[in-house]
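Each chain is listed here by its residues.
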Amino acid sequence: MQPDTIPYKRIIFVCCNQRDEGKECCNNKGGSEIRDKLKRAVAEYGIKQKIRVCKSGCMGQCGTGVNIMIFPDNIWLKNLTTNDIPKIINDYIDPLK
Ligand code: FES
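Residues numbered from 1 in each chain as written. Predicted model: local features only at pLDDT ≥ 70, side-chain atom pairs only at ≥ 80, totals over all residues. Heavy atoms only, no water.

A. Seen up close, the overall build of the protein chain. Helix and strand counts for the protein chain come out as 2 helices and 4 strands. Walking the protein chain from its N terminus toward its C terminus, one meets helices and strands in the order β-α-β-β-β-α. Compactness check: the protein chain gives a C-alpha radius of gyration of 14 Å against a globular reference of 13 Å for 97 residues, within 12% of the reference. The principal-axis extent of the C-alpha atoms belonging to the protein chain is close to 40 × 35 × 20 Å. Counting the 97 residues in the protein chain, one finds 35% classified as buried. Put simply, 66% of the contacts in the protein chain that link residues at least 6 apart link residues at least 24 apart. (Helix = DSSP H or I, 4+ residues; strand = E, 2+ residues; numbered from the N terminus. Rg over C-alpha atoms; globule rule 2.2 N^0.38 Å. Buried < 20%, exposed > 50% of the residue type's maximum accessible area, 1.4 Å probe, protein only. Contact = heavy atoms within 4.5 Å.)

B. Structural view of the side chain of Ser56. Tracing the sequence through the fold places Ser56 in strand 2 (residues 51–56). Under the relative-accessibility criterion, Ser56 is labelled buried at 13%. The contacts of Ser56, once residues within four sequence positions are left out, are Phe13, Val14, Cys15, Cys16 and Asn17.

So this is what it looks like as structure tokens:
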């Protein structure tokens with residue numbers, strides 16, 4: 001094991017978990033689409049070395065999905081829809097341009 005500092009200024013975990021049919025889950029509410037659009041924004045801004053958008057498994061709060069965790073800000077965003085993508089980009093990605 002080799003401890004090191006985190007190589008990113010911000011990491012966004014987006015729950016993209018797909019549960020069995022009939023069960024509430026983030027992916028059925030747009031998790032993967034949100035993740036893809038956030039990743040695309042990071043790539044378009046050319047700030048991949050500063051911010052990482054990661055796919056997450058279930059965060060145990062499926063009823064309030066789509067769920068996102070943002071570090072080191074310690075922010076949890078819930079009940080997200082694809083309509084919230086511009087605000088997430090504005091609040092958490094744009095500042096690192
Ligand atoms: S499926 Fe996203 S929190 Fe469970």
